[in-house]
Amino acid sequence: MKHKDISYKRAGKFEESRYEKIHNVVFDNSIIASIAVAEEISNLIKSKQKTNEKCIIGLATGSSPIAVYNELIRLHNEEKLSFHNVITFNLDEYLPMHKKDIQSYYYFMHEHLFNHIDILPENIHIPDGTVSNDGLYQYCVDYELKIRDTGGLDYQLLGIGRTGHIGFNEPGSEESSITREVTLNQITLDDAAPSFGGVENVPTKAITMGVASVLKAKCIYLMAYGAGKAQIVSDTITNDITDKVPATYLQKHTNTIFVLDNEASSLLPA
Ligand code: F6R
C-alpha cells in the first residue's frame, strides 16, 4: 500500500509551517498513521539485514504504539519480517514493579509485541522495576552504557504525555538527563489511575531513559492521537524550548517526525 510520506523534512522551510518548529504529518486516523510508522520500522530492519547489521530500536509503551506493534506482528506473520537482527531498549518502567505484574511495562511489551515475533530474548532490554535502592544508580548508568555500547539507537519510538513528558521525563527534566530514577507528575499518575484501579495504587516513581538518551537517537518518531493530546502537541510544536514541556527539546533534534491524527493536530495554527 502507498502511504503518505512520513520521512523527515526541515520544519519552517515552507510558509505553511511558519509557527511550527517540528515536522509533523497528519493522518485521518491513528490506524493508517500507525501502519505507516510500522512500515518505516520494517524498512529500517530490512535495510540493516541487507548489510548484516543490527538494528537498535527504542520502544515505548502506552496506547499510542499498540497499532504499530499489531502491524509489526502482522508483517512478521504474513510477510516474513524477521526481528533476528533487532535489539530493543524500552524507555521506562514503574518503580517498584514486578515483571509478572500485568501493569508492568515488561508484561505490556511481551503481550503486545515480543511474544509474537522472533526477537531473541537476550536482545530485549526493559528497565528493571525490581532493582534495589542501593543498586539503582549503577543500574541506570549501566542501562545508558548498554545503549551506547550496542551502537546507539537507530530509531526511537515515542508517545507524549499530557504533561509534555517523553519517556517519563516530566516537566523540569534537564536536556542533559540520562537514564535515572524519577518522580511522576500528578497528571501522569491521574492518567494511569484507571489501569491501576485508583490513583493510590499507581507507583509514584519510575526508571526512565533521559532526554539526552532520547536525543541521541538517529531518528525519532513521536505519535500522538486523539483530542486529549491536542493542547500539548500544539505547545510542543509551536512554543519555545522549555523544561516545562520536555518534549520541546525535540525541536533541537534534526530527524524528528511527529505523526498525528486530525484530533491531535486540531490546535496547530492554521
Ligand atoms: C511509555 C512512555 C510515555 C507514553 C506517554 C503517552 O513508555 O514513555 O511517555 O508514551 O505517556 O502514553 P499514551 O500513548 O498511553 O497516551
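All values derive from a computational prediction rather than experimental measurement. (Residues numbered from 1 in each chain as written. Predicted model: local features only at pLDDT ≥ 70, side-chain atom pairs only at ≥ 80, totals over all residues. Heavy atoms only, no water.)

## A look at the sheet that holds strand β7 (residues 180-183)
One open sheet accounts for three strands, arranged β4-β8-β7; its pairing is antiparallel. Looking at strand neighbours, the two that pair on one side only are β4 (92-95) and β7, the edges of this open sheet. Strand-to-strand twist of the sheet, defined as the mean angle between neighbouring strand axes without regard to direction, takes the value 30 degrees. Of the strand pairs in this sheet, β7 and strand β8 (residues 205-208) are connected by four bridges, and their pairing is antiparallel. Bridging from a neighbouring strand, V182 pairs with A206 of β8. (Pairing = 2+ DSSP bridges. Helix = DSSP H or I, 4+ residues; strand = E, 2+ residues; numbered from the N terminus. Axes fitted to C-alpha atoms, helices over the stretch in contact; angles between N-to-C directions.)

## Let's talk about the site of the ligand
Among the 13 residues in the neighbourhood of the ligand, the closest are listed as S64, D92, H165, G167 and K229. Separating an oxygen atom of the ligand from a backbone N or O atom of S63 is a distance of 2.8 Å. Here an oxygen atom of the ligand sits 2.5 Å away from a polar atom, N or O, in the side chain of K229. Bound to the protein, the ligand loses 86% of the 410 Å² it would expose on its own. Taking a 2 Å distance to the grid points as the criterion, the majority of the atoms of the ligand fall inside the largest pocket. Its residues assigned to classes, the shell around the ligand shows three nonpolar, eight polar and two charged. (Near = heavy atom within 4 Å. Polar contact = N/O pair within 3.5 Å; in protein donor to acceptor, adjacent residues only side chain to side chain. Areas by Shrake-Rupley, 256 points an atom, 1.4 Å probe, with all protein chains shown as cover. 1 Å grid on protein atoms, 1.4 Å probe; cavity = no way out; pocket = protein on both sides within 12 Å on 5 of 7 lines; lining within 4 Å. Sits in = over half its atoms within 2 Å of the grid points. Nonpolar A, V, L, I, M, F, W, Y, C, P; charged D, E, K, R; others polar.)

## A closer look at the side chain of T248
Within the secondary structure layout, T248 lies in the loop between α7 (230-238) and β10 (256-261). One polar contact links the side chain of T248 to the main-chain amide nitrogen of T242, over a distance of 2.9 Å.

## As for unusual backbone geometry
Backbone torsion omega between L95 and P96 reads -5 degrees, so that peptide bond is classified as cis. Along the polypeptide, P96 turns up in the loop between β4 and α3 (105-112). In this model, N52 sits at a positive phi of 60 degrees, which is unusual for a non-glycine residue. By the secondary structure assignment, N52 is in the loop between α1 (30-50) and β2 (55-59). Judged by relative accessible area, N52 falls into the exposed class, the value being 73%. Not every positive phi belongs to a glycine, and K80 is a case in point at roughly 60 degrees. For K80, the location among the structural elements is in the loop between α2 (66-79) and β3 (86-90). (Buried < 20%, exposed > 50% of the residue type's maximum accessible area, 1.4 Å probe, protein only.)

## Some words on the layout of surface pockets
When its volume is computed, the largest pocket comes out at roughly 750 Å³. Mapped by element, the contributors of at least two residues to the lining of the largest pocket are β4, α3 and α5 (186-196). Here the residues of the lining of the largest pocket are counted per class, giving 15 nonpolar, 14 polar and five charged. Looking at the second largest pocket, its volume works out to about 210 Å³. Forming the boundary of the second largest pocket are 13 residues, of which E39, E71, R74, L75 and E79 lie nearest the centre. Residue assignment for the lining of the second largest pocket shows that the elements contributing at least two residues are α1 and α2. Residues belonging to the lining of the second largest pocket are distributed by class as follows: four nonpolar, three polar and six charged. (Points joined across faces, edges and corners; volume = space filled by probe spheres on them.)

## So, empty space enclosed by the protein
If you walk through the whole model with that rule in mind, you get two cavities of 30 Å³ or more. Here the largest cavity is characterised by a volume of approximately 60 Å³. Around the largest cavity, the lining residues are I41, I57, L59, L72, F83, V86, T88, L113, F114, I117 and I119. Residues of the lining of the largest cavity, tallied by class, amount to 10 nonpolar, one polar and no charged. Counted as a void, the second largest cavity has a volume near 40 Å³.

## Regarding α2
Here α2 is 14 residues long and its end C-alpha atoms lie 19 Å apart, about the 20 Å a rise of 1.5 Å per residue gives. The complete set of buried residues in α2 reads A67, V68, Y69, E71, L72, I73, L75 and H76. The first or second residue beyond α2 is K80, which carries a positive phi of 60 degrees. (Expected span 1.5 Å × (residues − 1).)

All we've got here are geometric facts, nothing functional implied.
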